[in-house]
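Structure at a glance
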Amino acid sequence: QVQLVESGGGLVQAGGSLRLSCTGSGRRFSSDGMGWFRQAPGKEREFVAAISWSGGSTFYSGAVKGRFTISRDNAKNTVYLQMNNLKPEDTAVYYCGADYLSQGTSVSATAYDVWGQGTQVTVSA
């Protein structure tokens with residue numbers, strides 16, 4: 001069974017940091033573009049960050065650029081999202097996705113064919 005599993009979410013005060021992990025199983029994701037998205041209550045899922053298969057290219061939404069860093073370890077089949085200087089508006093369920101055999105960094109959720117179950121991030125004021 002091909003799946004992605006996120007971890008590392010939790011409750012943190014504004015200004016704090018969290019590191020999310022997303023580990024794949026069932027196949028290698030080392031040739032896939034990977035992305036992080038988030039969804040707050042009552043809102044649509046929105047793009048956060050993406051990374052190319054090699055890790056050589058990254059892209060961020062304007063809301064998180066300069067605060068979040070996406071990285072990957074293909075040997076561990078894992079992608080990470082380091083989140084610093086968190087704000088209450090970062091509160092959401094965070095999902096990782098795999099863009100099968102993609103060469104780029106897609107910002108569209110429809111490009112991703114495998115998703116994790118999500119991990120809750122709550123930032124208190």
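Anyway, here's the lowdown on the structure attached to this text. Note that the coordinates shown come from a computational prediction; the quantities given were computed from them, not determined experimentally.

Tallying each qualifying case throughout the model produces one cavity of 30 Å³ or more. Taken together, Leu-4, Cys-22, Gly-24, Phe-29, Ser-30, Met-34, Arg-72, Asp-73, Asn-74, Asn-77, Thr-78 and Val-79 make up the lining of the largest cavity. Secondary-structure elements contributing two or more residues to the lining of the largest cavity are β3 (18-25), β7 (68-73) and β8 (78-83). Residue classes in the lining of the largest cavity are distributed as five nonpolar, five polar and two charged.

The phi dihedral of Asn-85 falls on the positive side, at around 50°, and the residue is not glycine. Summarising the element assignment, Asn-85 is placed in the loop between β8 and β9 (92-99). When its relative accessible area of 42% is taken as the criterion, Asn-85 is described as partly exposed. For Leu-101, which is not glycine, the phi dihedral falls at a positive 55°.

This model, assessed by the stated rule, comprises one disulfide. Bridging Cys-22 to Cys-96, the disulfide has an S-S length of 1.9 Å. The S-S bond linking Cys-22 to Cys-96 shows a torsion near 55°; that makes this disulfide right-handed. In this pair, Cys-22 sits in strand β3 while Cys-96 sits in strand β9, placing the two residues 74 residues apart along the sequence. Cys-96 gets classed as buried once you look at its relative accessible area, which sits at 0%.

Quick look at the sheet that holds strand β1 (residues 3-7) now. Read across the sheet, four strands follow the order β1-β3-β8-β7 without closing on themselves; strand pairing throughout is antiparallel. For this open sheet the edge positions go to β1 and β7, each flanked by a neighbour on one side alone. Neighbour-to-neighbour, the strand axes of the sheet open up by a mean angle of 15°, direction not taken into account. Looking at chain direction, β7 and β8 are connected through six bridges and run antiparallel. For Asp-73, the partnering residue across the bridge sits in β8 and is Thr-78.

Cut-offs applied
Residues numbered from 1 in each chain as written. Predicted model: local features only at pLDDT ≥ 70, side-chain atom pairs only at ≥ 80, totals over all residues. Heavy atoms only, no water. 1 Å grid on protein atoms, 1.4 Å probe; cavity = no way out; pocket = protein on both sides within 12 Å on 5 of 7 lines; lining within 4 Å. Points joined across faces, edges and corners; volume = space filled by probe spheres on them. Helix = DSSP H or I, 4+ residues; strand = E, 2+ residues; numbered from the N terminus. Nonpolar A, V, L, I, M, F, W, Y, C, P; charged D, E, K, R; others polar. Buried < 20%, exposed > 50% of the residue type's maximum accessible area, 1.4 Å probe, protein only. Disulfide = S-S within 2.5 Å. Pairing = 2+ DSSP bridges. Axes fitted to C-alpha atoms, helices over the stretch in contact; angles between N-to-C directions.

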